[in-house]
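Survey of secondary and tertiary structure
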Amino acid sequence: MLPRVADSLSFLYLDMVRVVQDDTGVCAQIQVDKDRTDLVYIPTAALSCLLLGPGVSITTPALTTLARHGTSVVCVGAGGIRAYAGILPDSLTTHWLEQQVATWADPARRLEAAVRMYRMRFKDADVPESVTLDQLRGMEGQRMKALYKILAQQHGIGRFRRNYRPDQWETQDPVNLALSAANTCLYGVVHAALLALGLSPALGYVHTGTQHAFVYDIADLYKADITLPLAFALHNSDNPEQEARRRFREDLRLLRLLPRIIQDVQSLLAPPRTTTTDNDTDEERSERHDVRMVHLWDPKAGVLPAGVNYANGGD
């Protein structure tokens, strides 16, 4: 059985290697010195997603084997701080994409998902059950202002105001520059996680009107814990953008977020049920990464089994 996407060992990041297919399997060739090349075999059948850094080259036979084993391949920046392109295997389940589209297309369900996202940001804070989306936006604004104030006091930099002005980039203070660079790094990792699930980065619940709307939705769940503290810590940096990117790449710290992102996205799209019904699909029960049986869609009956001749009513 292939691993669940949520499994922590189902992501592998590679950099500065050549990925090839030999008689045994897919392996990474590592040039140790002029006369020595080491081989490390990649457990393709045990991977949900392979992240290829900028120093990687890969052959077509190796990509074919990865696709056959149901492994998504995402081309990323150093340390995963960008997501440039994704190659999704035919065996990748559409379960989560269907959940996303169904939730996004229904105004009531989209509102529920947006409210759940805001509640996740507040964590253990007391949020009234009857709160509106407009009130949540206001509460989020107050929360961020309070966090800015706390971090500014901790670092002794006075009053801070978030300022994202691309047309005045060079005139911004170090904290704003570092925060913009750090957020971009975070977007790359979130983007890679969404591609690994087969989701559309464009169908957001809080954000809209951009191909990265859902990326921004999910990234906002982690900024208070990750990018903001880092940005304020670089308030005296001579090159805050470069320093922010380098710190994120150290020890691949952002890649450790991937399992958490996957779990949070799945819980947002399909909140846990207290009971299991006979209508639950195999994908819903197991959250498997692969789909061995293709199903048919019917507007009245829902999901019907494939491999059945329906000429005589499905007998």
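In this text the structure is predicted, and so the values were computed from the model without any measurement.

Let's talk about a nonpolar patch on the surface
Together, Ile30, Val32 and Val40 give the surface a local cluster of nonpolar side chains, amounting to about 200 Å² of exposed area. Of note, Val32 is situated in strand β3 (residues 26-33). Since its relative accessible area comes to 39%, Val32 is described here as partly exposed.

Details of the pairing of β3
Examined bridge by bridge, strand β2 (residues 18-21) and β3 share four bridges and lie antiparallel to one another. If you follow Val19 over to β3, its bridge partner there is Ala28. Here β2 folds back onto β3 in antiparallel fashion, the turn holding four residues. With six bridges joining them, β3 and strand β4 (residues 36-41) adopt antiparallel strand pairing.

Focus on helix α8 (residues 240-249)
Of the residues making up α8, those classed as buried are Pro240, Glu243, Ala244 and Phe248. The buried residues of α8 occupy an angular sector of 130 degrees when projected down its axis, which confines them to one face. For α8, the elements touching its buried residues are α5 (174-197) and α7 (227-233).

Regarding the pattern of salt bridges
Inspection of every chain in the model, using the stated rule, returns nine salt bridges. Here Arg36 makes a salt bridge to Asp38, at a shortest N to O gap of 2.8 Å. A salt bridge links Asp220 to Lys223; the shortest N-O distance between them is 2.9 Å. In this pair, the class of Asp220 matches that of Lys223, namely buried. When salt bridges with common partners are traced through the structure, they connect Arg121, Glu140, Arg143, Asp220 and Lys223 into a single cluster.

A closer look at the side chain of Arg121
Inspection of the secondary structure puts Arg121 in helix α3 (residues 107-122). We classify Arg121 as buried; its relative accessible area is 7%. Every residue in contact with Arg121, bar those within four places of it in the chain, is listed here: Glu140, Arg143, Val206, Asp220 and Leu221.

Focus: the sheet that holds strand β7 (residues 72-76)
Spatial strand order, β1-β5-β7-β8: four strands in an open sheet with mixed pairing. If you trace the sheet from one side to the other, it starts and ends with β1 (11-14) and β8 (83-87), each paired once. Direction aside, neighbouring strands of the sheet carry axes that sit 20 degrees apart on average.

What about the nonpolar core?
Grouped together as the largest cluster of nonpolar side chains are 55 residues, with contacts concentrated most on Phe214, Ile218, Ile261 and Val265. Looking at which element gives the most residues to this core, the answer is α5, with 15 residues. Ignoring any residue separated from it by four or fewer positions in sequence, one finds Ile261 in contact with Val189, Val190, Ala193, Ile218 and Tyr222.

A short note on the packing of aromatic side chains
Summed over the entire model, instances satisfying the criterion amount to four aromatic pairs. Each ring, one from Tyr148 and one from Phe160, has its centre 5.1 Å from the other, and the planes form 75 degrees; the classification is edge-to-face. Of the two residues, Tyr148 is situated in helix α4 (residues 133-155) and Phe160 in the loop between α4 and α5; the sequence distance between them amounts to twelve residues. The residues Tyr148 and Phe160 share a single accessibility class, namely buried. Grouping aromatic residues by their ring pairs yields a cluster made of Tyr148, Phe160 and Phe232.

About the cut-offs
- Residues numbered from 1 in each chain as written.
- Predicted model: local features only at pLDDT ≥ 70, side-chain atom pairs only at ≥ 80, totals over all residues.
- Heavy atoms only, no water.
- Patch = residues over 30% accessible without salt bridge, like charges linked within 9 Å, V, L, I, M, F, W, Y side chains within 5 Å.
- Areas by Shrake-Rupley, 256 points an atom, 1.4 Å probe, with all protein chains shown as cover.
- Salt bridge = Lys/Arg side-chain N within 4 Å of Asp/Glu carboxyl O.
- Helix = DSSP H or I, 4+ residues; strand = E, 2+ residues; numbered from the N terminus.
- Buried < 20%, exposed > 50% of the residue type's maximum accessible area, 1.4 Å probe, protein only.
- Pairing = 2+ DSSP bridges.
- Arc of directions from axis to C-beta.
- Contact = heavy atoms within 4.5 Å.
- Axes fitted to C-alpha atoms, helices over the stretch in contact; angles between N-to-C directions.
- Core = buried A, V, L, I, M, F, W, Y, C linked by side-chain atoms within 4.5 Å.
- Phe/Tyr/Trp six-rings, centres within 6.5 Å; stacked < 30°, edge-to-face > 60°.

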